[in-house]
Amino acid sequence: MYFFHRRLIIPVLLVVILISAALWQFYRQGHNPGALPTQAGVPVAVGDEINLLARLIAAEAGNEPYEGQVAVGAVVLNRVRSPLFPSTISGVIYEPWAFESVANGLIWRVTNLALPAAAAADALNGWDPTYGALFFWNPSKPVSPWIWTRSIITQIGAHVFAR
Amino acid sequence: MKRRLTTILLTLALLLAVGWGLWERTNRLTLANAVEAGGQRDFYNLLSYVEQAQVSMGKSLASSSPRQQAVHLTEAWNQAAAAQLSLSQLPTPGIKPINTSKFLSQTSDYSNYLAQKLARGEEITPQEREQLVRLRDEMKRLAADLRQAESQVASKNLRWSSFYSVQMPQPLKTIARLAVPAEARPGPLDGFVNADRRLQTLPSLNYDGPFSDHLEKPRPLGLKGSEIAQAEAERRAQAFANDASGSNYRVQATRTSNGLLPTFALNLIDNRRANVTVHIDVSKQGGEIISLLNTRPVGSPTLDAAKALERARAFLEAHGFANMQPTYTVRTGNSQVITFAAKEGDVILYPDQVKVKVALDNGEITGWDATPYYMAHYDRQLPEPKLTPAEARAKISPGLKVEGVRLALIPLPGGIERLTYEVKTKLDDTYYLSYINAVTGEEEKVLQIIDVPGGQLTM
């Protein structure tokens, strides 16, 4: 049998890898389960805005303490009310480069939405642990130096909040 | 034979790799074109809305009749708002044109304010006209800057999609820069940077609208007394948490927060129940409890909304909020959130709100938000109503069925408060709240009551 010949191993492997890579790519393009914004399926009671906000909170602050999650939701809502930012929740969330998780797609991959949905509801009900913050960032990650010119309000968990 | 087979397989592998690469490239280009189209659309929308707004503002200055002025100001309001939306969705990496954004929002809001003023039959003052001229001139200059950027866009020096490509690693970048020294030519986004820098220096704009500069940093009006010490804040937070839960808490951590309402922010742990924590904000000035959030999961309900309301009211009274009127209640999950407004005599003070969240499994207070109350509350001198309730009723248009009238102080844009009659009306199957100024008889505001599942307005 030719196929067991030592010299053939590498070419055969190459072909197999390429074909499987192409197939996998094709599969991924065709099916994108759970990755579309319209397939949110978040188990919350009211409103598409809660879904949107819960996803962002989960992606941006999924590992943060509860008040840190409410705070991220509150920042979005403070932006909606600010003349510096778009005037809708979706406009604020999908502003280019406004949120890292939107840029890298994490917002579509989050799965644990129970606590973030509760945090989103609290934020929509008016709770704002930051009292007016418009920006937040993780000081241990590289950020634009411009952001440090804003006046800092407080730090909750791993995030610095500023106005 | 074996060699030939190797050759065939290797060729096949090469062809597959090349084909795959080409396929990926086509995909990438398709996506890049879509992104480019989005960027171009937003940019040209921005440019054309800025030009249109500038023209509309000019027309309103040139027209002599208040009605025409109002029409053009309404156009300017919409065009400036559309320009702001386009700008905010434009991919401009590394620069945040927030001053341009603020300028567009403010101009839009200011045009709306003037249009509404004209609609009420009032006149534009000379100062307001001067401000409008100033804003129109700035809009003109912004249009000129954007046109300059447009020439770069048209000559393809500026590709919006290119901002999304993955950055070269730093060592490669350094080598590239050594090999090809960067020319000193204007960057593609310089026009934006310059315009934004110029708009930062605009004098402040004060008027009766939500984006007026005098509202940018509201001060809490409801806090009295001197600044308290951290130990005092911890003591008060602990007592409040114990009372809210009927349990016993200890302080885990305290930090300070310097937002619009400066606070000590505390995390407390329940001594009796595992994994129950409470977050409390205590105002630095006066040591008032501003907010409480209990994060425990709430089990299946044993209380109904009425019981929850009773519980919330008792808790409010125990903490010095005696005369509060429930105005709205909404169920979220297994909790009931009830909004209360303060009352002065029989006047409901809508700006002075406190929200209480009650867990429906055991009646524990799991949320408290008195931020609006402490931001807005002060000892007001309410005017005497000149209208009777019957006169207020008569102001409602005849097709509507009146269901109730009461006195209410309402907040209006620009930080203004007005004493009004709140008239609840019904048109077909929709409820509305009309607010008739109790002194002048003008209709100040109409609200439509939107049904939210589990939400209920309490009258």
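From a predicted model like this one, the values you see are computed outputs, not experimental measurements.

(A) Main features of the interface of chain A and chain B. Between chain A and chain B, the contact holds 41 residues from the first and 46 residues from the second. Among the elements of the structure, α1 (9-30), α3 (66-81), α7 (114-124) and β2 (152-156) of chain A are those that each provide at least two residues to the side of chain A that touches chain B. Ranked by the residues each element gives to the side of chain A that touches chain B, the list is headed by α1 of chain A, at seven residues. Of the residues belonging to the side of chain A that touches chain B, the class tally is 27 nonpolar, nine polar and five charged.

(B) Examining the packing of helix α3 (residues 98-119) of chain B against helix α6 (residues 190-200) of chain B more closely. Residues and elements named next belong to chain B. Where α3 contacts α6, the axes come no closer than 7 Å and their chain directions differ by 60°. In terms of orientation, α3 lies oblique with respect to α6. The way α3 lies across α6 gives a crossing that is left-handed. Residues Asn99, Thr100 and Phe103 of α3 pack against Ala195, Asp196, Leu199 and Gln200 of α6. Of the residues contributing to the contact of α3 with α6, the split by class is three nonpolar, three polar and one charged.

(C) The packing of α3 of chain A against α7 of chain A, seen in detail. All names here are of chain A. One way to put it is that α3 packs onto α7 with a least axis distance of 8 Å and a crossing angle of 50°. When the axis of α3 is compared with that of α7, the two are oblique. Every pair of crossing elements has a handedness; the one defined by α3 and α7 is right-handed. Only Leu115, Pro116, Ala119, Ala120, Asp122 and Ala123 of α7 make contact with α3, whose side of the interface consists of Tyr66, Gln69, Val70, Gly73, Ala74 and Leu77. Among the residues forming the contact of α3 with α7, the class breakdown is nine nonpolar, two polar and one charged.

(D) Structural view of the nonpolar core. Counting 94 residues, the largest nonpolar core has Leu53, Leu56, Ile57 and Ala120 of chain A together with Ile280 and Val356 of chain B as the members making the most contacts within it. If you tally residues by element for this core, the top one is helix α2 (residues 48-61) of chain A, at nine residues. If near-sequence neighbours (up to four positions away) are discounted, Leu53 of chain A is found in contact with Gly73, Val76, Ile89, Ala120, Ala123 and Leu124 of chain A. Within the second largest apolar cluster, 34 residues are counted, among which are Val50, Ala70, Trp77 and Leu142 of chain B.

(E) Fine view of the sheet that holds strand β3 (residues 159-162) of chain A. Residue and element names in this part refer to chain A. The strand order β1-β3-β2 describes an open sheet built from three strands, whose pairing is antiparallel. For this open sheet the edge positions go to β1 (135-137) and β2, each flanked by a neighbour on one side alone. Taken over all neighbouring pairs, the strand axes of this sheet differ in orientation by 20° on average, direction set aside. Both β2 and β3 contribute to a ladder of four bridges, which runs antiparallel. Within β3, the position partnered with Ile156 by the bridge is His159.

(F) Quick peek at the environment of Leu10 of chain B. Along the chain, Leu10 of chain B turns up in helix α1 (residues 2-62). In this structure, the C-alpha to C-alpha distance between Leu10 of chain B and Glu234 of chain B, residues 224 residues apart in sequence, is 74 Å.

(G) Broad picture of the pairing of strand β7 (residues 347-359) of chain B. Residues and elements named next belong to chain B. The buried fraction of β7 amounts to 13 of the 13 residues, a majority that puts the element mostly inside the structure. The pairing of strand β6 (residues 335-344) with β7 spans ten bridges and is classified as antiparallel. From the neighbouring strand, Ile338 faces β7, where its bridge partner is Val356. Adjacent in sequence and paired antiparallel, β6 and β7 are bridged by two residues, among which Gly345 carries a positive phi angle near 65°. Judged from the two bridges that link them, β7 and strand β9 (residues 401-412) form a sheet pairing that is parallel. Opposite Leu349, over in β9, you have Leu409 as the bridge partner. In the sheet, β7 pairs with strand β8 (residues 365-369) via four bridges, with the strands oriented antiparallel. Residue pairing for β8: Lys355 is matched across the bridge by Asp369.

What counts and what doesn't
Each chain has its residues counted from 1, following the order in which its sequence is written. The lettering of chains begins at A and the numbering of ligands begins at 1, in the order of writing. With the structure being a predicted model, the display of local features is reserved for residues of pLDDT at least 70 and the display and counting of side-chain atom pairs for 80 or more, all residues being used for whole-chain, interface and lining totals. Note on contacts: residues are paired as contacts if their backbone-placed C-beta atoms lie within 7 Å. Counting from the N terminus, the helices are DSSP H or I runs at least four residues long and the strands are E runs at least two residues long. By the convention adopted, Pro, Cys, Tyr, Trp, Phe, Met, Ile, Leu, Val and Ala count as nonpolar, Lys, Arg, Asp and Glu as charged, and the other residues, Gly among them, as polar. Interaxial angles span 0 to 180 degrees and are taken between N-to-C directions of axes, which are lines fitted to C-alpha atoms, for helices over the stretch in contact. These descriptions rest on fixed angle ranges, namely under 35 degrees for roughly parallel, over 145 for roughly antiparallel, 65 to 115 for roughly perpendicular, and the rest for oblique. The hand of a helix crossing depends on one turn: near helix anticlockwise from the far one by less than a right angle means left-handed, and clockwise means right-handed. Nonpolar cores are identified as sets of buried Ala, Val, Leu, Ile, Met, Phe, Trp, Tyr and Cys residues joined via C-beta atoms within 7 Å. With C-beta atoms placed from the backbone, the exposure class of a residue follows from how many other C-beta atoms lie within 10 Å of its own: 20 or more, buried; 12 or fewer, exposed; in between, partly exposed. Between any two strands, pairing holds if DSSP finds at least two bridges.

Note that all results are geometric; they support no functional claim without further evidence.
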